Amino acid sequence: MIQYLFFALSALTIISALYVVFSRNPMHSVLSLIVCFFTVAGHYILLNAQFLAIVHIIVYAGAIMVLFLFTVMLLNLNRETEPHKTNWVKIAAVIAAGMLFLTLIASLKMAGLGTYSLPHKSNIGFIQDIGVKLFTDFMLPFEISTILFMSAMIGAVLLAKKEK
Amino acid sequence: MLTDSSLIAPGMLIPLFPLIGFLINGLFGKYLPKSITGWIASLAVLASFCCVFYMFTNLPSTGSLHIDLFNWIGFANFNISFGYLIDPLSITMMLVVTGIGFLIHVYSIGYMHDDEGVTRFFTYLNLFIFFMLLLVIGSNYLVMFIGWEGVGLCSYLLIGYWFKNDAFNDAAKKAFVMNRIGDLGFLLGMFFILFNFGSLDYAEVMKQASLLPVGSALLVTITLLLFVGATGKSAQIPLYTWLPDAMAGPTPVSALIHAATMVTAGIYMITRSGVLYAMAPFSMEIVAIVGVATCLMAAIIGLMQNDIKKVLAYSTVSQLGLMFAALGIGAFASGMFHLVTHAFFKALLFLGSGSVIHALHGEQDIRKMGGLSKYIKVTFITFLIGSIAISGIPPFAGFFSKDEILSKAFEHSKIIWAILSISSMMTAFYMFRLVYLTFFNDFRGTEVTKKHIHESPSTMTIPLIILAVLSIFGGFIGLPSVLGFAHKFQQYLSAVTAPAQHILDESHAAEVSHSTEWILIFTAVIAAIASILYARYKYISNKEQPAEDASLTGINKMVYNKFYVDEIYETCIVKPLKVLSDLFLVLIDKLVIDLVVNATAWVVGLSGRTLRLVQNGNTGFYVFAMVFGIIVLFVIRLFI
Amino acid sequence: MKEMAMNTVPHNWYLFLSTFLFCIGIMGVLFRRNAIIIMMCIELMLNSVNLLLVSFSAYSGNSDGQVFVFFIMVVAAAEVAVGLALLVSIYRNIASTDIDKLSKLKW
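Please read all numbers here as calculations on a predicted model, not as lab measurements. (Residues numbered from 1 in each chain as written. Chains lettered and ligands numbered in written order. Predicted model: local features only at pLDDT ≥ 70, side-chain atom pairs only at ≥ 80, totals over all residues. Heavy atoms only, no water.)

Visitor: Explanation requested: the overall build of chain B in the structure shown.
Guide: Scanning chain B for helices and strands turns up 26 helices and 2 strands. Per-residue burial over chain B gives 55% buried out of 640 residues. Long-range pairs, those at least 24 residues apart, make up 81% of the contacts in chain B between residues at least 6 apart in sequence. (Helix = DSSP H or I, 4+ residues; strand = E, 2+ residues; numbered from the N terminus. Buried < 20%, exposed > 50% of the residue type's maximum accessible area, 1.4 Å probe, protein only. Contact = heavy atoms within 4.5 Å.)

Pasting the structure below:
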């Protein structure tokens, strides 16, 4: 049952991801990326990581994708203005990505990873567990990430501001 | 060994005062008024002199004081300490250095008063005194070597003091290079000593050397190498040509460095290494031969020179040769005695010549002088006293020391005695030729200079008078036993020279009888007086004048041109070296080194130009490169 | 056992899935000229890594990996904010988001 669910989600993920790349309209790319993110969130739930699944939807689908959408609409990008590479480059890109995939798979095979099974009952990935981790072991990085956010915010405002 | 703790402090202070003077003048000189710097420098030397004098009166002649300041170089098997050795020999040298040094400092205040770089002058002068004291006070060869190099440096700086004149700079460079050639010998000698005896300390080296057989090859090598150093510093054949050129420096410098102190460093060094030389008779012979040859050759050249300072310079070379001859025949104390008296009268003569030059506003050619005795009385009288002293007329200082060497030479070898006597006659002749041409007859210069002739200020004349007094009475420290006196100077030094003398006395013990010595004395004095009278006949009665340069012929021309030694060196050594350098410039430097360097640059440039094309600014291309890079890395990691 | 096997997903599958997603992201970066799409592809790659981390974390029973994912999201959000701001200002200057036109960075 879970395997079917995994296959379905994976297929959706891969198709939407491919559509992001191959779609000629930037707007379609953005929308299909949102679909992709939702399926990834589904994978997270399959993996018992409920907290991350929620955060993923909020951050990616809610915040990041909205930013993308706004940018695309602000810049008024559409199918007609979309630039394209020559076919040679496109073929080369596919071949390069394929080669990378092959080498990665080969290296995974050769790495000889052990086989794991998903523990049946565990509280890993629940809010409480992550929260404890965040506020004990990862306290310092957590606080520092706030500084990162602030500097990113200031930077974004400064960069996007109209020059006088 | 005497270790009186009350003597350590003044002993340590001796070289310190000139160093302090050097630092004050060198660091803060430009904030001080020019008139003060000279007095600071003089006071520093005077303080040093007082310390030396205190040591002289309080240290018994049999004693020596060894002060180890700190352990300088120490590893594995040996230690070299930075130590002072104060014994009669070093005290004698230090008395000369600081005493005459002080007088010359005071003289310089007057002589250099209108020079713009007077602070620099006194800075160098103090530095020189410091290094010279270090040279004579050191307790091992390495400390001596510091001083040895230091005085060479100061000599270079002071010869080229008027650095705006290219000829003076060349003279300074010549002095430095020639000294370096000698220093190489000294350095090699030091390496031999260190390698074979494991120490550079005088006492240790002498102790170990005396255990070797007399005349062993090692000792001959060491002593000959050290002697090469001495020929450089003390201007002996074949390295003497720098000294006459060194007269380019200010006259007080010539008096202090190139007559009284630095050039006698070689004598001091050989006396200090007396045991080594006594153990190597072959080296002694070489020293004697070189000394005699230098003595004669320089005296001959001196006969024909027309520059007042050049005459004195060749006279110095000649007198140094005499001292080396004395050392070579084993009369160490006599050599030192002549060193002291020579320091008195040669400093006096140089300062006197400086006073003449000062009076004539820089004129040095004796053909343009004459009749000066009327105008500059003090200079004339003191110069005359110096000339009498150097000519060996009793009872002036030069007589006793020179006579002593001559009698020792007679006992050693008649030929050496004969040559030295002839040189002494020549010395008497050219000195009085100088006196007559400078101070007698009529003035031969221009009317303009004649009007301005004036006696020097008292800062210059007082040192002259003191030195004149020393030149008259200085010889009394070493009245010979033939007159019924105990030889004070010899006795004073005996603690230092005794070991070497002891080794020498084993081979030949013959003393000249008193009657022979009387005959020798009379011969020498009569010869000197005869030379003086001949000079008087030639230049006063006949009113001869030195011929013009162009009119000279034959042997006169050769002598006037200093036997063409400089030209011979130029042709035989300098020119081939230059040709060789040019050859290397073309072959090694331009062909090989430049090729390698340029080829490297060319390869780098080419690869840069080629690889630059990769940097095409296309982001897509960069990403492609990155992906392929990752792939290649994975492949390498996995399959290779 | 068969039932169990049907109900659990082998860990390898997640590895293959995330590797494939990553390669799609790489391909997108190489394929497209629009800087916005390229940034989206970069998000895709980040997601594949996140998925990998979460799967490892879940299968090994250690939640550290999920905390890392959390931080990656933080960084990604910051990156997108700054990156899009940069794009906007680039667009203002050259009226395009074509990266092939941004070739001043050479020689």
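Visitor: Sorry, what's going on with helix α21 (residues 458–473) of chain B here?
Guide: An α-helical turn contains 3.6 residues, so any two residues separated by three or four positions project in the same direction. Residue and element names in this part refer to chain B. Taking 1.5 Å per residue, 16 residues should reach 22 Å; α21 reaches 22 Å between its end C-alpha atoms and fits that length. If you check which residues of α21 are buried, you get T459, M460, T461, P463, L464, L467, A468 and S471. Turning to α21, the residues buried within the fold contact α3 (34–58), α4 (88–111), α16 (332–359), α17 (377–391) and α18 (397–412). (Expected span 1.5 Å × (residues − 1).)

Visitor: Explain the interface of chain C and chain B to me, please; I cannot follow it from the model alone.
Guide: Interface size is commonly expressed as the accessible area that is lost once the parts come together. Between chain C and chain B, the contact holds 10 residues from the first and 12 residues from the second. With both chains or domains summed, chain C and chain B bury close to 900 Å², and 68% of this area falls on carbon and sulfur atoms. Viewed at the interface, chain B and chain C are joined by 0 salt bridges. Linking chain C with chain B are 0 residue pairs in polar contact (both at pLDDT 80 or more). For the side of chain C that touches chain B, a count of residues per class yields 7 nonpolar, 1 polar and 2 charged. (Buried area = accessible area lost by both parts, 1.4 Å probe. Salt bridge = Lys/Arg side-chain N within 4 Å of Asp/Glu carboxyl O. Polar contact = N/O pair within 3.5 Å; in protein donor to acceptor, adjacent residues only side chain to side chain. Nonpolar A, V, L, I, M, F, W, Y, C, P; charged D, E, K, R; others polar.)

Visitor: Would you take a moment to explain the packing of α4 of chain B against α16 of chain B for this structure?
Guide: Two measures define how a pair of helices packs: the angle their axes make with one another and the distance between the axes. Residue and element names in this part refer to chain B. Between α4 and α16, whose axes approach to 11 Å, the crossing angle comes to 5°. Here α4 lies roughly parallel to α16, going by the angle between them. Two secondary-structure elements touch here, α4 through L89, T92, M93, V96, I100, I104, Y107, G110 and Y111 and α16 through M336, L339, V340, A343, F344, A347, L351, G354, S355, I357 and H358. Of the residues in the contact of α4 with α16, the class split is 15 nonpolar, 5 polar and no charged. (Axes fitted to C-alpha atoms, helices over the stretch in contact; angles between N-to-C directions. Parallel < 35°, antiparallel > 145°, perpendicular 65-115°, else oblique.)

Visitor: Looking at this model, I keep getting lost on the side chain of S42 of chain B. Mind explaining?
Guide: All names here are of chain B. One can find S42 in helix α3. According to the relative accessible area criterion, S42 is buried, its value standing at 1%. Not counting residues within four places of it along the chain, the set of residues in contact with S42 comprises F102, H105, V106 and I109.

Visitor: Please explain the environment of V97 of chain B as it appears in this structure.
Guide: Residues and elements named next belong to chain B. Mapped onto the secondary structure, V97 falls in helix α4. Separated by 35 residues in sequence, V97 and M132 place their C-alpha atoms 7.4 Å apart. Aside from chain neighbours lying at most four places away, what touches V97 is F102, I129, M132, L133 and T261.

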